[in-house]
Amino acid sequence: MLKKGRPFRGNCWTKRMYQRSFYIGSTTCHLRLRQSPCRIDESAIWFGCPLIGDDTTISDSTLSNDSRMRGYFLRVVSSSDSLNLTTDLCGGFRLYYIHIGNEYWYSDDYCYLLSVARERGEIEIDDHEFEFWQRHRYTTGGRTYFKGLHKLPPGATISHDGNERRVLNLMLPSSNNPDASEHTKEVEEELRATLRIIRSTGRRVILSFSGGADSTLLALICREENLDLVPVFLQAVPAYAENDRDFARATVVAKQIGFPLTIIDTPLDLDDELTERIESRMLFDRHVSLLHFSGMREVARQYGTDCIILSGQGADSVLSFGPTQRTRGDFVARLLATYPFSQASKFAARIVSRRLSKKLRTPQNRHEFMRSFLDQEYYYSLVKPDDSLADYLDSHVKRVLTPDTHTLSHLMRLKIDGFLQGSDNQVVIQSALSAGIDGVVMPFVSPAIISATVRHKHSLLDLVHPKYPVRRLLAKYRFAEPRTVNQTRSYDLSCDALEQAIAARLDESRIAIMHSSHGVGVS
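Residues numbered from 1 in each chain as written. Predicted model: local features only at pLDDT ≥ 70, side-chain atom pairs only at ≥ 80, totals over all residues. Heavy atoms only, no water.

Asks: Looking at this structure, I do not really get the sheet that holds strand β12 (residues 204-208). What am I missing?
Replies: If you walk across this open sheet you meet the 5 strands as β14-β13-β12-β15-β16, and the pairing is parallel. Whereas interior strands pair on both sides, the edge strands pair on one side only; in this sheet they are β14 (262-267) and β16 (439-441). For this sheet the average axis-to-axis angle between neighbouring strands, irrespective of direction, equals 30°. Its contacts with the sheet put helix α4 (residues 213-224) on β12 and β15 (307-310), and the angle it makes with β12 is roughly 150°. Those strands touched by helix α7 (residues 290-303) are β12, β13 (230-237), β14 and β15, and its axis lies near 125° from that of β14. (Pairing = 2+ DSSP bridges. Helix = DSSP H or I, 4+ residues; strand = E, 2+ residues; numbered from the N terminus. Axes fitted to C-alpha atoms, helices over the stretch in contact; angles between N-to-C directions. Contact = heavy atoms within 4.5 Å.)

Here it is, written out as structure tokens:
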């Protein structure tokens, strides 16, 4: 059996730890998680927050793609001679693993796995993934920037039945028939279905409310579905410009749609407890995470941990593959991703290169486009000549994509393997988990909405009217986005300063890990 042991830095375990070893032929698999099962049925043990309707029959062959499989989860199916581990479509449940000899260790805590690896071998930096992480704040779907420390890719099953094999369950529609009306209809149907399941749980629902289009739409549909919720806004103490601007918008919109908004004062002191929580969960997903981690701690104090955090996070990436603001910069980003080989894109590329003071160009073929989409420069799908990561990224793209699908399907696969499994989604889940709240739901990040987007997205309409399903549904509810007053006062704190403070802490963690390693490498 696996020894209990201590994690690498600090004590990041909770009393709800799950631990078990599986013996399959000559292979031993150790599973150790920081949470207890949320559901146990006849064939599987579930972790995370899967939203499964009472009438849903789970198919092993299409688990991650089943349109009824909502939420983030890990599913464990075992028998006397096999073990199958499956994660949700967008990799919301982050499962890491290492492989040494005939033993595999699986855990949602990389601190523990790094301590195992440290006892048995040297920990080395993966230079390619580290450079990718420096560019994007997250690593690619199946890797970390430590050699031998892997992530189970989004929507994947890893099986042990005498031989290890990894099966990617990610299947997307093989054709695109642009239809904005049908796209909008399917998005609304899926949002309603998700909220009905949440209502059936009887748990208190906390809506992370910014007053933006996504959280506003969720609030309006919740009202129609008779789902009681508490819209909350995390107000930073001390204030900084971005949070203050969001606060002004959230208060105006909440009043406009008739919802009482709960303001939660969120201290931004990086105390030892928050430092440990962030270091033990966000090493590979750098983010301005202090507001989230501190805020979820305050939410748990006020409402307890038996609640569901509802968030509109992920809507931009799923519905528009990127930035959706009606600014010139975001329009150019959408243009480059929609019509990469057009003359307009070539002209836009010259402007972007000049403004960023970087040598960038449009892709010359489909292969370069896919690489540039995965490795965007400030959301711009442009090629970096003489890029040190070009060969590495080319091999990664080839590994992720399948040859028999169309461009939108490929872009969605790359979006899932990159941004969607990365820091912006992870900070929502991990900050809640760190506070003892395992109920986290991002309704826009679901197989049904992802498939509807690939199947029906109207790319030209999205270029001009980004995220048009959300905007159309808001118009259906007669909601008009208000004009809010820009904040003009000065601030002692900035969002960039917060991220730099977090980055410095994570750098210290990485250096400490490297200095404590010894021996030979893991496989």
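Don't stop here, the text continues.
Asks: Before we go on, may I ask you to explain the packing of helix α9 (residues 328-338) against helix α10 (residues 343-356) in this structure?
Replies: The relative placement of two packed helices is expressed as an angle between their axes plus a distance between the axes. Where α9 meets α10, the closest approach of the two axes is 10 Å, and the angle between their N-to-C directions is 135°. In terms of orientation, α9 lies oblique with respect to α10. As for how α9 packs across α10, the hand of that crossing is left-handed. Here Val 332, Leu 335 and Leu 336 of α9 lie close against α10, whose contacting residues are Ala 344, Ser 345, Ala 348 and Val 352. Here the residues of the contact of α9 with α10 sort into 6 nonpolar, 1 polar and no charged. (Parallel < 35°, antiparallel > 145°, perpendicular 65-115°, else oblique. Left-handed = near helix turned anticlockwise from the far one by under 90°. Nonpolar A, V, L, I, M, F, W, Y, C, P; charged D, E, K, R; others polar.)

Asks: So what exactly am I meant to see when it comes to the pattern of salt bridges here?
Replies: Any two side chains of opposite charge can pair, so long as their charged atoms come close to each other. In this structure the tally under the stated criterion is 33 salt bridges. For the salt bridge of Glu 131 with Arg 135, the shortest nitrogen-to-oxygen distance reads 2.9 Å. You can see Glu 131 and its partner Arg 135 sitting in helix α2 (residues 127-136), 4 residues apart, about one turn around the helix. Judged by its relative accessible area of 29%, Arg 135 is partly exposed. Of the charged contacts, one joins Arg 196 and Glu 225 as a salt bridge, the two residues approaching to 3.0 Å between their closest N and O atoms. Taken together, the residues Arg 196 in helix α3 (residues 180-201) and Glu 225 in the loop between α4 and β13 connect sequence positions 29 residues apart. Accessibility expressed as a relative area gives 39% for Arg 196, which makes it partly exposed. Accessibility expressed as a relative area gives 6% for Glu 225, which makes it buried. The structure contains a network of salt bridges with shared partners spanning Glu 131, Arg 135, Lys 358, Asp 375, Glu 377, Lys 384 and Asp 387. (Salt bridge = Lys/Arg side-chain N within 4 Å of Asp/Glu carboxyl O. Buried < 20%, exposed > 50% of the residue type's maximum accessible area, 1.4 Å probe, protein only.)

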